Amino acid sequence: MKANKSFIEAMRRATQLVRAGGPVAATRFIQGLLRPERRSTGNEQPAPAAYDVDIDSLVNPVSPGPHAPASPTSLPDASGEFLAQRFSGHAGSRNYKLYVPSGDTSAPLPLLVMLHGCTQNPDDFATGTRANRWAQSRRCLVVYPQQIQRANSHRCWNWFRPLDQQAGRGEPAIIAGIVKQVIDEYRVDTRRVYVAGLSAGGAMAAIVAREYPDLFAAAAVHSGLPAGAAHDVTSALTVMKTGRPKFASTGATRAIRRFVPVIALHGDADSTVNPANSDWLIDSAVDMHRMLNPDSPLHKTAQTINATDASRAVQRTRYLAPGGASIIEHWVVRGAAHAWSGGDAAGSYADARGPDATAAILDFFAQHAMPASIATPQVMDSTAPA
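Thresholds applied
- Residues numbered from 1 in each chain as written.
- Predicted model: local features only at pLDDT ≥ 70, side-chain atom pairs only at ≥ 80, totals over all residues.
- Heavy atoms only, no water.
- Disulfide = S-S within 2.5 Å.
- Helix = DSSP H or I, 4+ residues; strand = E, 2+ residues; numbered from the N terminus.
- Buried < 20%, exposed > 50% of the residue type's maximum accessible area, 1.4 Å probe, protein only.
- Salt bridge = Lys/Arg side-chain N within 4 Å of Asp/Glu carboxyl O.
- Phe/Tyr/Trp six-rings, centres within 6.5 Å; stacked < 30°, edge-to-face > 60°.
- Lys NZ or Arg CZ within 6 Å of the ring centre and 35° of its normal.
- pLDDT = per-residue confidence, 0-100.
- Contact = heavy atoms within 4.5 Å.
- Expected span 1.5 Å × (residues − 1).
- Polar contact = N/O pair within 3.5 Å; in protein donor to acceptor, adjacent residues only side chain to side chain.
- Pairing = 2+ DSSP bridges.
- Axes fitted to C-alpha atoms, helices over the stretch in contact; angles between N-to-C directions.

**Describing the state of the cysteines**
Line of reasoning, step 1. Overall, the coordinates contain one disulfide when judged by the stated rule.
Line of reasoning, step 2. For cysteine 118, the disulfide goes to cysteine 156, at an S-S distance of 2.0 Å. What sets the handedness of the cysteine 118 and cysteine 156 disulfide is the S-S torsion sign, and at about 130 degrees it is right-handed. With a gap of 38 residues between them, cysteine 118 in the loop between β3 (109–115) and α3 (122–129) and cysteine 156 in the loop between β4 (141–145) and α5 (170–185) connect regions that are remote in the sequence. For the pair cysteine 118 and cysteine 156, one class covers both residues: buried.

Structure follows, in structure tokens:
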């Protein structure tokens, strides 16, 4: 396959991503094939010789509406507090960062949960997505759970393990517990709690949205995979490369009571997570909505947004409710690789060229609130003592 000029230039600047030294040479070889492009800082350190599999090679990008993305100078500074916090529950403990916008916080604010990708951390992810600056502009709280190296050597969320695909257990319970802790300690509009993630974080966002439909009003998956896409490392690497759920598992889910609106964003030049995974996620969402809401058919519309000097072309597909709200949305960004679209290149896996994924996600979330019939979010005992 012939590489285009932008890919060649990106590869020229990029440094080799940290690789895992898996137990077998075949795993190392597959990981090498799947490693994503990454902006070089000049400070990269060689990978340790024997880590478990590098699964963020596991998921990533796309973005907003038919308008040009906001430039960094048009967004306010993140002048609020960026607080370091910790959660401990029966499923485990994690640190997290919480952005509280400056200004009047007397009224309950929406809460955005941001799940980073492999090798990232909350500060890096906040920089690359500019989510804190957007939160200052849109008036919301942002929480960034932090994966630990002890759980995954490359700090990937373990979206491919059955234990971490179930409510009340593993990482979904920890993430839900963090959300509940923020709700308990701050003035949060519990009808407007959302989850978004990149790459491995995007795959985990799909899982927690499926497992906690009474907690999250809507979800965003950026260059990720659908919930239940894999059940171990081998199936994860396979589905990342092919986009075909040959080894997919459904996970041990509770009875689904509510469809969670979802937006998926993906670059069509992503060589780390096959864009077919995003197609699969959208098709599954449409089928799920049809099953849960047989009397409320969705109207499909497609729109091509042309490229500009600041933004790539986008194919935007929306599935609209009778009232006009976008229930399912799919952004395919032409020529984009595995990086947060329209972000700040000072962060890892962030592409400064638009469209701006954070703006697109927030626009989508603004259309959705938890039904009033769901009065209090249920977190499945995720704060119970060990």
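**A short note on the pattern of salt bridges**
Line of reasoning, step 1. Applying the stated criterion across every chain, the model contains twelve salt bridges.
Line of reasoning, step 2. Between lysine 180 and aspartate 184 there is a salt bridge, with the nearest N and O atoms lying 3.0 Å from each other. Placement of both lysine 180 and aspartate 184 in helix α5 is noted, with a separation of four residues, approximately one turn of the helix.
Line of reasoning, step 3. Under the relative-accessibility criterion, aspartate 184 is labelled exposed at 54%.

**Remarks on the environment of leucine 265**
Line of reasoning, step 1. Position of leucine 265 relative to the elements: it lies in strand β7 (residues 262–267).
Line of reasoning, step 2. The exposure class of leucine 265 is buried, given its relative accessible area of 0%.
Line of reasoning, step 3. When the C-alpha positions of leucine 265 and serine 341 are compared, they lie 8.8 Å apart, and in sequence the two are 76 residues distant.

**Focus on the packing of aromatic side chains**
Line of reasoning, step 1. In the structure shown here, the tally under the stated rule is seven aromatic pairs.
Line of reasoning, step 2. Their ring planes at 90 degrees and their centres at 5.7 Å tell us that phenylalanine 125 and tryptophan 340 sit as a pair that is edge-to-face. Taken together, the positions of phenylalanine 125 in helix α3 and tryptophan 340 in strand β11 (residues 340–341) put the pair 215 residues apart, joining distant regions of the chain. Across the pair, tryptophan 340 and phenylalanine 125 agree in class, each one buried.
Line of reasoning, step 3. Relative to phenylalanine 365, the ring of phenylalanine 364 lies with its centre 6.3 Å away and its plane at 55 degrees, an arrangement referred to as tilted.
Line of reasoning, step 4. An aromatic cluster of three or more residues is present, and its members are Phe82, Tyr99, Phe125, Tyr144 and Trp340.
Line of reasoning, step 5. The ring centre of phenylalanine 82 lies 4.2 Å from the NZ or CZ of lysine 97, which sits over that ring.

**Some points on the confidence of the model for the chain**
Note that predicted coordinates carrying low pLDDT should not be read in detail.
Line of reasoning, step 1. For the chain, per-residue confidence averages 82 on the pLDDT scale, and 75% of positions sit at 70 or higher.
Line of reasoning, step 2. The low-confidence segment residues 380–386 (pLDDT under 50) makes 17 contacts with residues lying over four places distant or belonging to another chain.

**A closer look at helix α8 (residues 276–292)**
Line of reasoning, step 1. The first and last C-alpha atoms of α8 sit 24 Å apart over 17 residues, in line with the 24 Å expected at 1.5 Å per residue.
Line of reasoning, step 2. Considered for burial, the residues of α8 that qualify are Asn277, Ser278, Trp280, Leu281, Ile282, Ala285, Val286 and His289.
Line of reasoning, step 3. Where α8 is buried, its residues meet β6 (218–222), α7 (233–242), β7, β9 (314–320) and β10 (326–333).

**Considerations on α3**
One turn of the α-helix equals 3.6 residues, which is why residues spaced by three or four share an orientation.
Line of reasoning, step 1. Within α3, six of the eight residues are buried, which leaves it mostly tucked inside the rest of the structure.
Line of reasoning, step 2. Of the residues that open α3, the one with a side-chain oxygen 3.1 Å from the backbone nitrogen of aspartate 123 is asparagine 121.
Line of reasoning, step 3. Positive phi appears at arginine 130, one or two residues downstream of α3, with a value of about 60 degrees.

**So, the sheet that holds β7**
Sheets are built from strands that pair by backbone hydrogen bonding, the pairs being arranged parallel or antiparallel.
Line of reasoning, step 1. Spatial strand order, β1-β2-β4-β3-β5-β6-β7-β10-β9-β8: ten strands in an open sheet with mixed pairing. Each edge of the sheet is formed by a strand with only one pairing partner; in this case those strands are β1 (81–89) and β8 (299–305). Going across the sheet, the axis of each strand differs from the next one's by a mean of 15 degrees, ignoring polarity.
Line of reasoning, step 2. Lying on the sheet, helix α4 (residues 131–138) is in contact with β1, β2 (92–100), β3 and β4; it crosses β4 at an angle near 155 degrees.
Line of reasoning, step 3. Relative to the sheet, helix α9 (residues 357–365) contacts β3, β5 (188–198), β6, β7 and β10, its axis offset from that of β6 by approximately 160 degrees.

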